[in-house]
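Here is how the chains run, residue by residue.
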Amino acid sequence: MSTNRVEFPIVVNAISRVGAAAVLLSPAWKDAEVSHGLALTSPRHAIADGDGVAILSRHLGDDSVTDLDSPAIQQTIRPKDNGGAPAKVAIPPNTSENEEVVLVFSSGTTGMPKAVRHSHASLGEATRQWVAVLGLTAEDRFQISTPPSHILGLLNLLAAAAAGARVRLHARFDLETELRSIEGERMTLEMAVAPIVLAMANHPNLESFDLSSLRYIMWGATPVSESVAEVVSARSGVRFLPAYGASEVPVLSCNPANRPEDWRLDSAGLPAPGVQLRVVSLETGDVLPSGETGEIQASSASRMLGYLPEEATDEVFDGEWYRTGDVGWLEREGWVHLTDRSKEMIKVSGFQVAPAEIEAVLHGHASVLDCAVFGVPDERAGEVPVAAVQIDPTNPVEAEALQALVASTLANYKQLRAIELVDAIPRLPSGKVLRRTLRDEWIARGNRPMNPG
């Protein structure tokens, strides 16, 4: 449970080398989320910094937690400059390449986050794919502010080590710092999600920074907004390289890094080396021809071993094919187009948020009779969660109090942008919430709550 710091890849590599598996908890998580993650994975020891030390000590005991900032640890872990030589991570003796090595968390539509189990083989393949699609070499320098517990942050660090590239780590995103770093340290790659790109587009003095060293800005984890990307490119002279992946299959597609003349903002790119993509009908499950819209499915050696809890695994696989839950279509040449998600996940600044997780917190309040959480478009974050809540008229509560309850229970990116008080939650006869109806009505009102608290 660590922030973005140089000790993170050292520790993950060390865990791998002794044949153990690293469970990556988000440093943004609060007590309830950490408790769930620990119960799911049963770790024997914890390594953390900041607030994570106290949280994990409460659950595991002081003797089972290593504080990365303790003087003893700082004297022990001293990074050494290997001259940029690619890192060689050998699988420990007597360890199968199919044994799990890293567990990251991906929220599901039915509740709390699931643990995604990756093996030495799957994570190694994903790392090779990421190096290939980004065109990474030992000459590259790129900066990372994506959380290392997120699959993108982890993959960036592993790929940099494998390629011998240099990395500038940032504990948190600060646009001025990142722009100065690109200019002063001649960065060649920049990683971006929607909030970063929007901040660049709105920067009053973007033109004053020399960003000419950048080969491209990689845009992933959130959908590309073409108009915002075009503004940044026009002002900075730097183009974008859209890519697409998932925690379960980390690298799915990317625009071809070695063919800038082919880069497109309307597509997430071509399938990564070793990745097969297909589209199936949402109604019948039949494989569809190019040009027709359905669920995108993927087959690759980089796919996860499965989830914890194990019973959640079967529903996301169709034989060897991983069901992404994303809706889109493929061009005849393989270019990927994403149009929607069949899953109900809300993607906030690249983080997956499960409506059911927020709903569980709201349902815990005595005044809440029913509720439904849905995602609405947001220019800065891509999407943000909003809740429709039916209140017990005999036991009223203010919307602000419910927002405060969620804020005190869940991570910041899971907090509600607004709460709409309704007479009833729209549902099908089966009980399924009509989230799309709620979302469409919200958008039609201009993103204004019908009854703001």
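Since the model is a prediction, treat every value here as computed from it, not as a measurement.

**Q** I keep staring at the pattern of salt bridges and nothing clicks. Help me out?
**A** Opposite charge on two side chains permits them to pair, given that their charged atoms come into close proximity. Inspection of every chain in the model, using the stated rule, returns 22 salt bridges. For Arg128, the salt bridge identified is with Glu125, shortest N-O distance 3.2 Å. Taken together, the residues Arg128 and Glu125, both in helix H5 (residues 120–134) and 3 residues apart, mark about one turn of the helix. Here Arg128 falls in the exposed class, since its relative accessible area comes to 53%.

**Q** Sorry if this is basic, but what is going on with the environment of Pro242 here?
**A** Looking at where Pro242 falls in the secondary structure, it is placed in strand S10 (residues 240–244). Apart from the residues within four sequence positions on either side, Pro242 is in contact with Trp219, Val224, Cys254, Asn255, Arg264, Leu265, Ser267 and Ala268.

**Q** What am I meant to see in helix H3 (residues 51–60) here?
**A** Owing to its 3.6 residues per turn, the α-helix aligns residues three or four sequence positions apart on the same side. Turning to H3, its buried residues are Gly52, Val53, Ile55, Leu56 and Ser57. Check the buried side of H3 and you find it contacts helix H2 (31–41), strand S2 (46–48) and strand S3 (65–67). Directly after H3, the chain includes Gly61, whose backbone phi takes a positive value near 95 degrees.

**Q** What exactly am I supposed to notice about the packing of aromatic side chains here?
**A** Centre-to-centre distance and the angle between the planes together describe a pair of aromatic rings. Tallied over the entire structure, the rule returns 6 aromatic pairs. Here Phe351 and Tyr413 contribute two aromatic rings whose centre-to-centre distance is 4.3 Å and whose plane-to-plane angle is 15 degrees, an arrangement assigned as stacked. Placement of the pair is Phe351 in strand S20 (residues 351–353) and Tyr413 in the loop between helix H11 (399–409) and strand S23 (418–421), with a sequence separation of 62 residues. Residue classification places Phe351 among the buried residues on the basis of a relative accessible area of 19%. For Tyr413, a relative accessible area of 16% corresponds to the buried category. Here the basic side chain of Lys114 rests over the ring of Tyr307, its NZ or CZ set 4.6 Å away from the ring centre.

**Q** Explanation requested: the nonpolar core in the structure shown.
**A** In globular proteins that are soluble, nonpolar side chains generally tend to be buried together. Counting residues in each nonpolar core, the largest one holds 56 residues, and the members touching the most others are Val102, Trp130, Leu134 and Leu136. Residue contributions to this core peak at 8 residues, all from helix H6 (residues 151–163). Excluding residues within four positions of it along the chain, Leu136 makes contact with Val131, Phe142, Ala159, Ala160, Ala163, Ala165, Leu189 and Arg215. With 50 residues, the next largest nonpolar core counts Met1, Val368, Val373 and Val422 among its residues.

**Q** Got a minute to help me understand the sheet that holds strand S1 (residues 22–23) in this structure?
**A** Backbone-to-backbone hydrogen bonds join strands into a sheet, with any given pair of strands oriented parallel or antiparallel. Here 4 strands make up an open sheet; going across it, the order is S1-S4-S5-S15 and the pairing mixed. The outermost strands of the open sheet, each flanked by one partner alone, are S1 and strand S15 (306–308). Relative to strand S4 (residues 100–106), S1 is paired through 2 bridges, and the arrangement is parallel. What sits directly across from Val23, in S4, is Leu103.

**Q** What is the right way to look at the environment of Ala171 in this model?
**A** With respect to the helices and strands, Ala171 occurs in the loop between strand S7 (166–169) and helix H7 (175–185). For Ala171, a relative accessible area of 48% translates into the label partly exposed. Taking the C-alpha atoms as reference, Ala171 lies 27 Å from Ala257; in sequence the two are 86 residues apart.

**Q** Just to check I follow, could you spell out the packing of H5 against H6 for this structure?
**A** Relative to each other, H5 and H6 sit at 75 degrees, their axes nearing to 9 Å. In terms of orientation, H5 lies roughly perpendicular with respect to H6. The segment H5 lies against H6, with Leu123, Ala126, Thr127, Trp130 and Val131 engaging Leu152, Leu154, Leu155, Asn156, Leu158, Ala159, Ala162 and Ala163. The residue makeup of the contact of H5 with H6, split by class, is 11 nonpolar, 2 polar and no charged.

**Q** Help me understand the packing of H2 against H3, please; the structure alone is not making it clear to me.
**A** How two helices sit against one another is set out by the angle between their axes and by the gap between those axes. Put simply, H2 and H3 touch, their axes get as near as 10 Å, and they point 50 degrees apart. Comparing the axis directions of H2 and H3 gives the class oblique. Seen along the crossing, H2 lies across H3 with a hand that is right-handed. Contacts between H2 and H3 pair Asp31, Val34, Ser35 and Leu38 from the former with Ile55, Leu56, Arg58, His59 and Leu60 from the latter.

**Q** Would you mind going over the sheet that holds S23 with me for this structure?
**A** In space, the 3 strands of this open sheet follow the order S21-S22-S23, with mixed pairing throughout. The open sheet has two free edges, formed respectively by strand S21 (368–378) and S23, since each of these has just one partner strand. Strand-to-strand twist across the sheet, computed as the mean angle between neighbouring axes with direction ignored, equals 25 degrees. As paired strands, S21 and strand S22 (residues 382–391) are joined by 10 bridges and run antiparallel to one another. Each bridged residue has a counterpart across the sheet, and for Asp378 the counterpart in S22 is Gly382.

Rules used throughout
Residues numbered from 1 in each chain as written. Predicted model: local features only at pLDDT ≥ 70, side-chain atom pairs only at ≥ 80, totals over all residues. Heavy atoms only, no water. Salt bridge = Lys/Arg side-chain N within 4 Å of Asp/Glu carboxyl O. Helix = DSSP H or I, 4+ residues; strand = E, 2+ residues; numbered from the N terminus. Buried < 20%, exposed > 50% of the residue type's maximum accessible area, 1.4 Å probe, protein only. Contact = heavy atoms within 4.5 Å. Phe/Tyr/Trp six-rings, centres within 6.5 Å; stacked < 30°, edge-to-face > 60°. Lys NZ or Arg CZ within 6 Å of the ring centre and 35° of its normal. Core = buried A, V, L, I, M, F, W, Y, C linked by side-chain atoms within 4.5 Å. Pairing = 2+ DSSP bridges. Axes fitted to C-alpha atoms, helices over the stretch in contact; angles between N-to-C directions. Parallel < 35°, antiparallel > 145°, perpendicular 65-115°, else oblique. Nonpolar A, V, L, I, M, F, W, Y, C, P; charged D, E, K, R; others polar. Left-handed = near helix turned anticlockwise from the far one by under 90°.

Just distances and angles here, no functional claims.
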